[in-house]
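Summary of structural features
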Amino acid sequence: MSRRSKKKRRKILKHNAKRKPSDDSQSIISPKIKKYWLQRYSLFSRYDEGIKMDEEGWFSVTPEEIAVRHAQRSVAGGVVVVDCFAGVGGNSIQFAALGYHVVAIDIDPKKVEMASNNAKIYGVDNYIDFIVGDFLQLAPSLKGNVVFLSPPWGGPSYKMTDNFTLNLLKPVDGHTLFQVAQTITPNIIMFLPRNVDVSQVEELSWLSSPPLNVEIEENYVQGFLKGITAYFGKTAYWGVAQETNSVHIHEV
Ligand code: MGP
Ligand code: SAH
């Protein structure tokens, strides 16, 4: 090797030594997402195999063990789950892994690309139909046995209020969203902020005639409350005694 090419090689080695570890290379870990990055393996246990995320994906993805729980709880509903706000695929992947056929919708084409990449890593992409589109517009043409709703909560600042009311959900208020979901099926699962106004969530069941069963669950990861799930219709009362139109709140 000539002296010149040795020098060049040394330069390249020096440059590589300065690079961040491979799992950081797909996106820069900004201060805003650092806290979520530190929890990366509870978001995706296979994170190191090439999971892709963007900023919204980081702060919105459902932690894996909660997504598994949502999938287990869909069993009473049926075989097709519509994941109306699929994001980077946290929930869709776990629905598919449990054997459901998933229709995964997101308005952001980049999210759909990332979700598709992430589903491949988990080996479940064949069980998911990805659609880029607005759930509200697509709803009349959708069919499914369970509808899963994890809409935007308005960013990480959702927790600035003590009582998160359903009108704060995006892209439309929670009542409208629930009504649209009901045109597909009464078996609806909603993942909501931990500070959500629970009495408003219970009231959603009265939007249906006759009123739907509703069950509310607190979801913890390593002892920290991450969110609240409301189960409606056949997805309510899994493993607890059936009680018509009453509310049961429990911790998981
Ligand atoms: P968090 O409260 O921002 O994080 O989100 P954490 O780690 O509990 O931080 P702390 O400082 O509040 O203790 C908690 C979880 O809520 C996230 O892991 C997501 O699963 C979910 N989540 C958060 N946001 C802002 C959204 C959202 O806009 N939409 C949906 N569907 N889920 C969200
Ligand atoms: N459960 C997902 C996170 C969903 S975050 C996961 O585990 O990865 C909410 C998502 O809703 C965002 O990705 C956002 O792009 C999408 N979204 C916002 N408005 C929408 C609309 N009108 N129709 C479909 N998706 C929408």
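Before any of the text, the structure's been laid out above.
Conventions and cut-offs
Residues numbered from 1 in each chain as written. Chains lettered and ligands numbered in written order. Predicted model: local features only at pLDDT ≥ 70, side-chain atom pairs only at ≥ 80, totals over all residues. Heavy atoms only, no water. Phe/Tyr/Trp six-rings, centres within 6.5 Å; stacked < 30°, edge-to-face > 60°. Lys NZ or Arg CZ within 6 Å of the ring centre and 35° of its normal. Axes fitted to C-alpha atoms, helices over the stretch in contact; angles between N-to-C directions. Helix = DSSP H or I, 4+ residues; strand = E, 2+ residues; numbered from the N terminus. Parallel < 35°, antiparallel > 145°, perpendicular 65-115°, else oblique. Left-handed = near helix turned anticlockwise from the far one by under 90°. Contact = heavy atoms within 4.5 Å. Nonpolar A, V, L, I, M, F, W, Y, C, P; charged D, E, K, R; others polar. Near = heavy atom within 4 Å. Polar contact = N/O pair within 3.5 Å; in protein donor to acceptor, adjacent residues only side chain to side chain. Areas by Shrake-Rupley, 256 points an atom, 1.4 Å probe, with all protein chains shown as cover. Core = buried A, V, L, I, M, F, W, Y, C linked by side-chain atoms within 4.5 Å. Buried < 20%, exposed > 50% of the residue type's maximum accessible area, 1.4 Å probe, protein only. Expected span 1.5 Å × (residues − 1).

On inspection of all chains with the given rule, the structure shows 9 aromatic pairs. Geometrically, the ring pair formed by W153 and Y158 is edge-to-face, given 5.0 Å between the ring centres and 80° between the ring planes. An aromatic cluster is built from Y41, Y47 and W58, whose rings are joined through pairwise contacts. Taking NZ or CZ as reference, R40 lies 3.7 Å from the ring centre of W37, over its face. Between R73 and the ring centre of Y231, over which it is positioned, the NZ or CZ distance is 3.8 Å.

The next thing to look at is the packing of helix α5 (residues 64-72) against helix α6 (residues 90-97). One can describe the packing of α5 onto α6 by two numbers: an axis separation of 8 Å at closest approach and a directional angle of 50°. Between α5 and α6, the crossing angle belongs to the class labelled oblique. In the packing of α5 onto α6, the handedness of the crossing is right-handed. Of α6, the residues touching α5 (which contributes E64, A67, V68, H70 and A71) are G90, N91, Q94 and F95. Residues belonging to the contact of α5 with α6 are distributed by class as follows: 4 nonpolar, 4 polar and 1 charged.

Close to ligand 2 lie 22 residues; N91, D106, D134, F135 and S150 are nearest. At 2.7 Å, a side-chain N or O of D106 approaches an oxygen atom of ligand 2. In this structure, a nitrogen atom belonging to ligand 2 sits 2.9 Å away from a side-chain N or O atom of D134. Counting only elements with at least two residues in the shell around ligand 2, the list comes to α4 (55-60) and α6.

Here we take up the site of ligand 1. As a matter of local geometry, ligand 1 sits amid 19 residues, with K35, Y36, V61, Y158 and R194 nearest to it. Contacts to ligand 1 include F59, whose backbone N or O atom sits 3.2 Å from a nitrogen atom. In this structure, Y158 approaches ligand 1 through a side-chain N or O atom, which is 2.5 Å from an oxygen atom. For ligand 1, whose unbound accessible area comes to 650 Å², protein coverage reaches 87%. At the level of secondary structure, the elements contributing two or more residues to the shell around ligand 1 comprise α2 (31-37) and α4. Looking at the shell around ligand 1, its residues break down into 10 nonpolar, 5 polar and 4 charged.

What follows concerns the nonpolar core. With 68 residues, the main nonpolar core has F44, F135, L149, M190 and F232 as its most contacted residues. Here the element with the most residues in this core is strand β5 (residues 188-192); it accounts for 5 residues. Not counting residues within four places of it along the chain, the set of residues in contact with L149 comprises C84, F85, F135, L177, A181, I188, I189, M190 and F191.

In this section: helix α7 (residues 109-121). Here α7 is 13 residues long and its end C-alpha atoms lie 19 Å apart, about the 18 Å a rise of 1.5 Å per residue gives. All of the buried residues in α7 are K111, V112, M114, A115, S116, N118, A119 and I121. Tucked inside the fold, the buried residues of α7 contact α4, α6, β2 (101-106) and β3 (128-132). Capping the start of α7 is the job of one residue whose side-chain oxygen sits 2.9 Å from the backbone nitrogen of K110: D108.

Here we come to the environment of P156. For P156, the location among the structural elements is in the loop between β4 (146-149) and α9 (174-182). Its relative accessible area of 32% is what places P156 among the partly exposed residues. With 96 residues separating them in the primary sequence, P156 and S60 have C-alpha atoms 8.4 Å apart. Sequence-distant contacts of P156, defined by excluding residues within four places in its chain, comprise Y36 and F59.

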